[in-house]
Amino acid sequence: MICQKFCVVLLHWEFIYVITAFNLSYTITPWRFKLSCMPPNTTYEYFLLPAEVSKNTSSLNGHYDTAVEAKFNSSDIYFSNLSKTTFQCCFWSEQDINKNCTVSADNIEGKTFASTVNFLVIQQIGANWNIQCWMKGDLTLFICYMEPLFKNPFKTYNFKVHLLYILPEVLEDSPLVPQKSSFQIVQCNCSVHECCECLVPVPTTKLNNTLLMYLKISSGGIIFQSPLMSVHPINVVKPDPPVGLNMEITDDGNLKISWSSPPLVPFPLQYQVKYSENSTIIREADKIVSATSLLVDGVLPGASYKVQVRGKRLHGPGIWSDWTTPHTFTTQDVIYFPPKILTSVGSNVSFHCIYKNENKIVSSKKIVWWMNLAEKISQSQYNIVSDHISKVTFPNLNATKPRGKFTYDAVYCCNEHECHHRYAELYVIDVNIKISCETDGYLTKMTCRWSTNTIQSLVGSTLQLRYHRSSLYCSDIPSIHPISEPKDCHLQRDGFYECIFQPIFLLSGYTMWIRINHSLGSLDSPPTCVLPDSVVKPLPPSSVKAEITVNVGLLKISWEKPVFPENNLRYQIRYGLRGKEVQWKMSEVYDAKSKSASLAVPDLCAVYAVQVRCKRLDGLGYWSNWSNPAYTVVMDIKVPIRGPEFWRIINGDITKKERNVTLLWKPLMKNDSLCSVRRYVINHYTSRNGTWSEDVGNHTKFTFLWTEQAHTVTVLAINSIGASFANFNLTFSWPMSKVNIVQSLSAYPLNSSCVILSWILSPCDYSLMYFIVEWKNLNEDDEIKWLRIPSSFKKYYIHDHFIPIEKYQFSLYPIFMEGVGKPKIINSFTQDDIEKHKNDAGLYVIVPIIISSSILLLGTLLISHQRMKKLFWEDVPNPKNCSWAQGLNFQKKMSGSKELGGCRLNW
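Residues numbered from 1 in each chain as written. Predicted model: local features only at pLDDT ≥ 70, side-chain atom pairs only at ≥ 80, totals over all residues. Heavy atoms only, no water.

### What to know about the state of the cysteines
If you walk through the whole model with that rule in mind, you get nine disulfides. Bridging C133 to C144, the disulfide has an S-S length of 2.0 Å. Its S-S torsion of approximately 110 degrees makes the covalent link between C133 and C144 right-handed. You can see C133 sitting in strand β6 (residues 127–135) and its partner C144 sitting in strand β7 (residues 141–148), a full eleven residues away along the chain. An identical accessibility class is assigned to C133 and C144; each is buried. Across the disulfide, C437 is cross-linked to C448 (sulfur-sulfur distance 2.0 Å). With the S-S dihedral at roughly 105 degrees, the linkage between C437 and C448 falls on the right-handed side. Residue C437 is found in strand β32 (residues 435–439), and its partner C448 is found in strand β33 (residues 446–451); the two are separated by eleven residues along the sequence. A residue is classified by how much of its surface remains accessible, and C437, at 3% relative accessible area, is buried. Cysteine C195 is unpaired, with the sulfur of C196 as its nearest cysteine sulfur at 7.3 Å. (Disulfide = S-S within 2.5 Å. Helix = DSSP H or I, 4+ residues; strand = E, 2+ residues; numbered from the N terminus. Buried < 20%, exposed > 50% of the residue type's maximum accessible area, 1.4 Å probe, protein only.)

### Notes on empty space enclosed by the protein
Under the definition given, this model contains two cavities of 30 Å³ or more. In this model, the second largest cavity occupies a volume close to 30 Å³. In terms of lining, the second largest cavity is formed by E645, F646, F728, Y770, I772, W786 and R788. Counting residues per element, the ones that place at least two in the lining of the second largest cavity are β57 (768–777) and β58 (785–790). Tallied by class, the residues present in the lining of the second largest cavity amount to five nonpolar, no polar and two charged. (1 Å grid on protein atoms, 1.4 Å probe; cavity = no way out; pocket = protein on both sides within 12 Å on 5 of 7 lines; lining within 4 Å. Points joined across faces, edges and corners; volume = space filled by probe spheres on them. Nonpolar A, V, L, I, M, F, W, Y, C, P; charged D, E, K, R; others polar.)

### Some details on the packing of aromatic side chains
As enumerated under the stated definition, the model contains 30 aromatic pairs in all. Measuring from ring centre to ring centre gives 5.7 Å for W706 and F732, while their planes differ by 45 degrees; the resulting arrangement is tilted. Remark: F732 occurs in strand β54 (residues 729–733) and W706 occurs in strand β52 (residues 701–706); sequence separation between them is 26 residues. When sorted by exposure, W706 lands in the same class as F732, which is buried. Taken together, the ring pairs in this structure connect F406, Y408, Y412, Y423 and Y427 into an aromatic cluster. The cationic tip of K487 hangs over the ring face of F501; the distance from NZ or CZ to the ring centre is 4.9 Å. Of note, K666 hangs over the ring of W786, and the distance from its end group to the ring centre comes to 5.5 Å. (Phe/Tyr/Trp six-rings, centres within 6.5 Å; stacked < 30°, edge-to-face > 60°. Lys NZ or Arg CZ within 6 Å of the ring centre and 35° of its normal.)

### Notes on the environment of C529
One can find C529 in strand β40 (residues 528–530). Each C-alpha atom, one on C529 and one on Y510, is 5.4 Å from the other, the two residues being 19 residues apart in sequence. C529 has contacts with C474, P478, G509, Y510 and T511, leaving out every residue within four places of it along the chain. (Contact = heavy atoms within 4.5 Å.)

### Things to note about the pattern of salt bridges
Following the criterion strictly, the structure yields 15 salt bridges and no others. Among the salt bridges present, the one from K595 reaches E560, with a minimum N-O distance of 3.7 Å. Here E560 lies in strand β42 (residues 555–560) and K595 lies in the loop between β44 (585–589) and β45 (596–599), a separation of 35 residues in the sequence. Judged by its relative accessible area of 35%, E560 is partly exposed. The salt bridge involving E645 is made with R788; its shortest N-O contact spans 3.6 Å. Placement of the pair is E645 in the loop between β47 (630–631) and β48 (646–651) and R788 in strand β58, with a sequence separation of 143 residues. (Salt bridge = Lys/Arg side-chain N within 4 Å of Asp/Glu carboxyl O.)

### Describing the nonpolar core
Membership of the largest hydrophobic core comes to 65 residues, with the highest contact counts inside it found for F142, L163 and M213. Among the elements that make up this core, the one with the highest residue count is β6 (six residues). Not counting the four nearest positions on each side in its chain, F142 is found in contact with I28, C133, W134, M135, C198, L199, V200, V202, L211, M213, V231 and V236. (Core = buried A, V, L, I, M, F, W, Y, C linked by side-chain atoms within 4.5 Å.)

### Let's talk about the environment of L599
Of note, L599 is situated in strand β45. A sequence separation of 24 residues divides L599 from Y575, and the C-alpha atoms of the two residues are 9.6 Å apart. Apart from residues lying up to four places away in sequence, L599 is in contact with L554, L555, I557, I573, Y575 and S587.

### A closer look at the sheet that holds β44
Strand order in the open sheet formed by four strands is β44-β43-β46-β47, and the pairing between neighbours is antiparallel. In the strand order of this sheet, the two ends are held by β44 and β47, each with one partner. Alignment of strand β43 (residues 569–577) against strand β46 (residues 608–616), held across nine bridges, turns out to be antiparallel. Counterpart to I573 in the pairing with β46 is V612. (Pairing = 2+ DSSP bridges.)

### A word on unusual backbone geometry
Geometrically, the link from Q502 to P503 is a cis peptide bond, its omega value of 0 degrees lying close to zero. Tracing the sequence through the fold places P503 in the loop between β37 (496–501) and β38 (510–518). The residue after L674, namely C675, is reached through a cis peptide bond having omega 15 degrees. As for its position among the elements, C675 is in the loop between α5 (670–673) and β50 (679–686). In this model, N396 sits at a positive phi of 45 degrees, which is unusual for a non-glycine residue. The residue N396 is located in the loop between β29 (390–394) and β30 (409–414) in this model. Taking the relative accessible area as the measure of exposure, N396 reaches 54% and is therefore exposed.

This is the structure:
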C-alpha cells in the first residue's frame, strides 16, 4: 500500500502531525467508498505508472503492486522532502461521475485552500483504503469496516485506527461542525493486514438521528484524519441473512423455495434469489421478490437445484445482507408430492407422482398405484393431471394400523410392470380426544383433563391444548377459532393431562381442542365448548349428622347446603352398617329446600355410617365429593319389644306348701331391648297379697318364696325409655301341677350333638300355651338347660353336646294359661326304639340313593330305546322306493290305525 510505503521511508523523520480540516460532512452511502490521502502540490506525473501497466482502479493485481513498489523505491529523495508536509484526505467512490476528489486543508498561515485531484493520481501517489459502514441486523451496533486498497509489501509500524463520533439528539441547522472535544472515541480492531473494524453502539431510540464521525489513522508517527462523515443509521441497516431456507415439491409439481425473514428487522424486506438447475437442461436464474417464497416450474426427476437468498430493505435505502449458505436439493427418479401426508380419520387426501425409468419419464396413463405392495388401488381413484403427473385420491380414511415399527401406510407409484423402491408415506391418526372440564366449588378455577391413550402416538409429535374464549356462552356448533391461545398441561400419574384455567369467567364459552404438532403438519381434535358455570362440582354438604330417632325409630340425616353454587341442588345419601367394607344403600332427595331426610333401617341398635353429596337440580355439572362420614350412636330408641323368656327351678319339700322358686332368664338381645337393658323388674300377683314388684338390677336369676296356691310372676326389661311392652307370664299353681297330659316321652340320640325328643299328648280342657324342655347330665353337677317349644310341636331336635355313655334326664313341662302342668320325666335314652330310630334315620341316607339310582336307570332306558329304534329302522326299506307305495300319502291317517304317544300303530 502506498501509505505504508510512506511510513517506511519516513520512519526516522521528525514526528509530523497531519490532520485534514473539514467544514462539510460526507454522507455515507449504502455501498463501498474510498478514503485517499496525498501530499498537496505534488506533480502526479512523477508517479505515473509505466505505459504497459493499466491505471484502472479495478486492476489491483500483482503487476500493479510491483510497479508501484518500484516507483517508490526510486523516490527516496522525493519523500525526504515531505518531512514538514501536510497530507490532504478525501472520500470518493466508483459511483462518482467526475472521478475527482476535492481536498481541503489549512496552510501554515491558517488560510484554507482547495484543489481537485484525479482519483487515478491519488491511487498512485497517496494512501488509500476501502471503507463500508452499515447498521447491524440486530439494530445494536453501527459497524465501519476498512481495508487497504493495495497489498503492502512493507511491514507497518505502530498502525492504529480510531473512530470519533457524536450522536446528538437533534442536529442543529447551523453549518458549524461540533467541537472536537464533544466527540466520543472508539479504538478499531485491526488485523496484521491493516483490515480494521470499528464498532459504535447506537440506541434503538436514535436510529433515525444523524451520526457524525471521522477516522484518525496513525502509523509510524504519521497521522491521517478523514473528513467528517454523517449518516442516519436506519438508512444503512444490513439485515441478517434469511433463515430456514427450504425446498420442496408442491402438490402442483413445482419446486417451492421458501425461507423466513431474519428476526428483529423493523421494516419489510425484499429478497434476491439465485438458483441453478442441473438436469438434462442447465439453467440459472436471479430474481428479486418481496414474498418469502418462490415457485420454480418444470421440475423434473433426477434434477439438482442449488439456491442462495439474501435480503434488503424493501422501501428506502439499505444494504443487502450476506448470502445464505448454499442449499442443494436433488429430486429423485420417482417424485411424490407431497412425499408424506399426516391426516385425521375421515379425511380425503391425494398423492401426485412423476415416474422416471431409464432416463425416460413414464406416461401418466401407464402409472398404477399400490398400497403397501399388497393391495392394488382401484383405478377409479386415479386422476391424470398431465402427461407425466398421475394423481391418486383416498376418500374417508381409516386410522393407520401399525405394522411392527412402521406406523404408516406405504403408497407406491409404479410402472405397469415394476415398482420403484421409493414410496410415499400416509399417516392417518384418530384425533377424537375427549376433553372434560370441572369448575371447583369455590368458582375460582376450572380444571380440564384429557388423555391420549385412545389415539395412536406418532414419534416426534407434541400435543398442545389450545382454546378461544368467547365473551358470552357457547355457540351451537363449536368450531376452531383462527385466534387461539395455548395452555400448559401437565401429565399426571394416571396418564391424563391436566390444565388449570384461573381466573375464569363463569358465563364465557371456552372452545378448546387438542393440536397435534409434527414435522409433517398439525392436526386438531374436534373442538368442544365448555361453559364454566355448567361444569361446576359443588362443595360437599357440611355439618352432616346422623341419628336414630327416639320412639319413631328412623335413621335421620341432616346437613347444611354449601355456599357455592347458588343454584338449587339435589342430594344423594348413602348409608350402611359401619365396618371394614360398608355395604352402601342409596337414597336421593330432590327437594332443593330440604336439609334432612329420614330413612327406615332394619337394625335400630347398630352403628350406621352416613355420607351426603349434592349436584345441581337441573342436572348440569358434577356430583360433589362425598361429605365426611357421620356415625350414629347406639342408644335406647323405644321400650324393649318384650321381656325375657324365663323358667324356674323349684327347691324344697314337695309336701310343704312353702317352696323356694328360682327364676332363670337369658339377657335380651339388642333387637328386643332397643337397644339396651338397664335392669329387670319382677312383678308378682297373688290372690291374697295382691301385686308388687321387685327390682333385681342386671341379674338374670331371682329366688322368691312360693306360699300361696297360685302365684303369677312376670319379668320386665327396663331401658332408658321404659319397661318392655310385651312380657311372658308364668303361674305357679298347686292344682295345675297335678295335671298330666303328656302320655309318653322318648329321647333318641341321633349323634353326639343332636337328640330327637318326641312325645304323645292326651286330650285336656286347659289352654296349652307352650312346652318347656329340661335336660341335664345325671353324672355331673351341670346346671339345668331348658328350651321353650311351641305348643303345636310333637317332636323337637335338641342340639347340644351329648356323651353316649352318660345318663341324661329329659323333662317335658306343659305350660297352661292357668299354670305349669305335671312334667313327663325320663332318665335315659329310649333303648328299645334306638335301633328303629336308627333305621328311620337311615332313611335320610337311603332315600337320596334310591332317587339317584332311579334317575340313572331312567336315563339308561332312554338311551337303549333310541339305539333299538335306530337298529330296527335300518332294516326297514324306505317305502317311497317301493313300486307299490308310489302315489300313497303317508301323512294321511289310515283306517284301522291308532295313535299312541305320538306314534301310529296299524293292525
